[in-house]
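Chain by chain, the residues:
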Amino acid sequence: MAAKPVLYYFDGRGKMESIRWLLAAAGVEFEEVFLETREQYEKLLQSGVLMFQQVPMVEIDGMKLVQTRAILNYIAGKYNLYGKDLKERALIDMYVGGTDDLMGFLLIFPFLSAEDKVKQCAFVVQKATSRYFPAYEKVLKDHGQDFLVGNRLSWADIHLLEAILMVEEKKSDALSGFPLLQAFKKRISSIPTIKKFLAPGSKRKPISDDKYVETVRRVLRMYYDVTPLCAKVWAMMGAADIMVCKALGTPTPLCPGIHFGGTCSQVAVVIMAVIVTEHRELRSMSGKPRLTYINGRGRMETIRWLLAAAGVEFEEIFLQTREQLLKLGQDGSLMFYELPLVEIDGMKLVQCRAILSYIAGKYNLYGKDLKERALIDMYVEGISDLMHLILMFPFSPPEAKEKNIATIAEKATERYFPVFEKVLKQHGQDFLVGNKFSRADVQLMEAILAVEEKVPSVLSGFPQLQAFKTKMSNMPTIKKFLQPGSPRKPPPDENYVATVMKIFKLD
Ligand SMILES: N[C@@H](CCC(=O)N[C@@H](CS)C(=O)NCC(=O)O)C(=O)O
């Protein structure tokens, strides 16, 4: 019999809790190693098992998986909780993306001051009841089924139940306006494996208390305070992401249950929309995917890269006003009133991860099996954490720019690039995974160029990555994308920042 998965994390919820939920719901027993001391953590770091020097880490099926999302994807895939085909998986990814954003707001909660906790609590409840719960209520209402996707239990249901319970811990009647979600909660809670997990004595962790906070601070040497950031950014961009603080030059920790690189919703979230009727008609004729975003890189650029690398032509609509965005939301195109939006194969997909995974799956850029996919996921989640620093960079104040460039250089050269240099060196192949071109190669290439724009000499100590970059640049589809006149967007300029700031009302 295969060994039980072993989970390495703190003795508390943080980023591991959704993994515990998913395993438990799948009926899988697991063991846990709890980090209590700095020495334990350093020993792990030195042993090399933490690919990006971070937990969660899960030993499973002979792999040492890091990156929460890679771990969750693997478990969901393995235990048949991830839909029956690519389209169902895209829906599941999209729904999980929303619940992930919502839970992200709660991850930092234990680390806030008493005063900030009150504000954050109100913020979460407001987001839950005005944005997220209505979206899921509508899904259930529209199809009238018991589960969110495909009329059977999936990861999306499990994740939503976890989110509902977390919000209810903050406001017990948060579901009062949502009858279908109330019934959903009851239904999912009574599934035997989940019922067991919800009963006392299970491996479910309690609400994080001061002792948990103190342990995380001690183990990660996190000596600074967490603040809910600039209130405006918080409200406008969805402050689940602690890297916003970094971009703004405020002191920040690395994680402790905080999305370091995670959600796909923020920067462009509240950005505006020109939905031109002619374009809609045009699209149905051409059948090309249609991308709706602003005219800049932001969270759409990786999607442009991936489509271009796959040799797929696409159309774009650039939004300009908040009213346009709201209109798009009202017509039902934006599940969470957030961009990017990609219309593809009859679906209106939101949530970057959902979109990228769908494109990667469809165009055969996502490995040959679950294990290759787990590797690819692990790599792309690490790359996304690095890219997130770059994404937020244009929004940092002038006095923080130098420091933030230094952070980008440090993270690239000390944490992320060494991993990929080592991978390429060890297997000696042209591509990161399975000797075959995948989304991991595309995303690494994008990241290399983006970091080089800020730190031109960044690859000097990485000969394998230099050769990788040259090879990638010569792949016909990528070569084309790198040429002038392609849909690739230039680095964000003052104009882009000013537009976003104006629309977010941040000035
Ligand atoms: N994107 C990663 C982020 C993981 C993360 O930020 N982990 C924290 C603990 S919750 C950590 O290990 N921080 C130490 C560090 O970054 O140096 C994931 O989702 O797993």
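Located above this text is the structure these notes cover.
Definitions and cut-offs
- Sequence order as written defines residue numbering, which begins from 1 separately in each chain.
- Totals for whole chains, interfaces and linings use every residue, but because this is a predicted model, local features are given only for residues with pLDDT of at least 70 and side-chain atom pairs only at 80 or more, for both listing and counting.
- Heavy atoms throughout the structure, all of them, feed into the side-chain values; hydrogens and water do not.
- Going along the chain from the N terminus, every DSSP run of H or I of four or more residues is numbered as a helix, and every run of E of two or more is numbered as a strand.
- Accessibility here uses a 1.4 Å probe with only protein chains present; expressed as a share of the type maximum, an area under 20% marks a residue as buried, one over 50% as exposed, and anything in between as partly exposed.
- Using protein atoms alone on a 1 Å grid, points that fit a 1.4 Å probe yet trap it form a cavity, whereas open point sets bounded by protein on both sides within 12 Å along at least five of seven lines form a pocket; residues with an atom within 4 Å of a point count as lining.
- Grid points are joined across faces, edges and corners, and a volume is the space filled by probe spheres set on the points.
- Classes in brief: Ala, Val, Leu, Ile, Met, Phe, Trp, Tyr, Cys and Pro nonpolar; Asp, Glu, Lys and Arg charged; the others, Gly included, polar.
- At least two DSSP bridges between two strands are required for those strands to pair.
- For this analysis, a nonpolar core means a set of buried residues of the types Ala, Val, Leu, Ile, Met, Phe, Trp, Tyr and Cys, connected via side-chain atoms within 4.5 Å.
- Contacts are assigned to residue pairs with any non-hydrogen atoms lying within 4.5 Å of each other.
- Fitted lines through C-alpha atoms serve as axes, helices being fitted only where they are in contact, and the angles separating the N-to-C directions of these axes extend from 0 to 180 degrees.

As a further point, take unusual backbone geometry. P56 follows V55 through a cis peptide bond whose omega is 5 degrees. Topologically, P56 is positioned in the loop between α2 (38-47) and β3 (57-60). In this structure, P340 follows L339 across a cis peptide bond, with omega equal to 5 degrees. Within the secondary structure, P340 is located in the loop between α14 (322-330) and β7 (341-344). With phi around 65 degrees, Q53 is a residue other than glycine that occupies positive phi space. The topology assignment puts Q53 in the loop between α2 and β3. Relative accessible area serves as the criterion here: at 31%, Q53 is assigned to the partly exposed category.

What follows concerns the layout of surface pockets. The computed volume of the second largest pocket comes to approximately 720 Å³. Considering the residues around the second largest pocket, the lining is formed by 40 residues, among which G298, R299, M387, I390 and L391 are closest to the centre. Among the elements of the structure, α13 (301-309), α15 (352-362), α16 (370-392), α18 (439-454) and α21 (494-504) are those that each provide at least two residues to the lining of the second largest pocket. The dominant element in the lining of the second largest pocket, judged by the number of residues it contributes, is α16, at 8 residues. Looking at the lining of the second largest pocket, its residues break down into 19 nonpolar, 9 polar and 12 charged.

Once that is clear, we can look at the pairing of β7. Looking down a regular strand, the side chains alternate between one sheet face and the other. Of the two faces of β7, the one lined by L341 and E343 and the one lined by V342 and I344 are each fully buried. Judged from the 3 bridges that link them, strand β5 (residues 290-293) and β7 form a sheet pairing that is antiparallel. Across the sheet, residue T292 finds its bridge partner in β7, namely L341. In this structure, β7 lies alongside strand β8 (residues 347-350), joined through 4 bridges in antiparallel fashion. Residue pairing across strands places I344 opposite M347, the latter belonging to β8.

Here we come to the nonpolar core. Grouped together as the largest cluster of nonpolar side chains are 168 residues, with contacts concentrated most on F133, L148, L181, F417 and F420. Discounting residues that sit within four places of it in the chain, F417 has contacts with L386, A412, L444, I448, V451, V458, L459, F462 and L465.

Right, let's get into the sheet that holds strand β4 (residues 63-66). Strand order in this open sheet of 4 strands is β2-β1-β3-β4, and the pairing throughout is mixed. Two strands lie at the open edges of the sheet, namely β2 (31-34) and β4, each paired on one side alone. Adjacent strand axes in the sheet meet at a mean angle of 20 degrees, parallel and antiparallel pairs treated alike. As defined by bridge partners, β3 adjoins β4 across 4 bridges and the pair is classed as antiparallel. In the sheet register, I60 faces β4, and the bridge partner there is M63. Taken strand by strand, helix α1 (residues 17-25) contacts β1 (6-9), β2 and β3, and its axis lies near 165 degrees from that of β1.

What follows covers the environment of A310. Looking at the secondary structure, you find A310 in the loop between α13 and β6 (315-318). Judged by relative accessible area, A310 falls into the partly exposed class, the value being 27%. As for A310 and Y363, which are separated by 53 residues in sequence, their C-alpha atoms are 6.4 Å apart. With residues near it in sequence (within four places) discarded, A310 still touches Y363 and L365.

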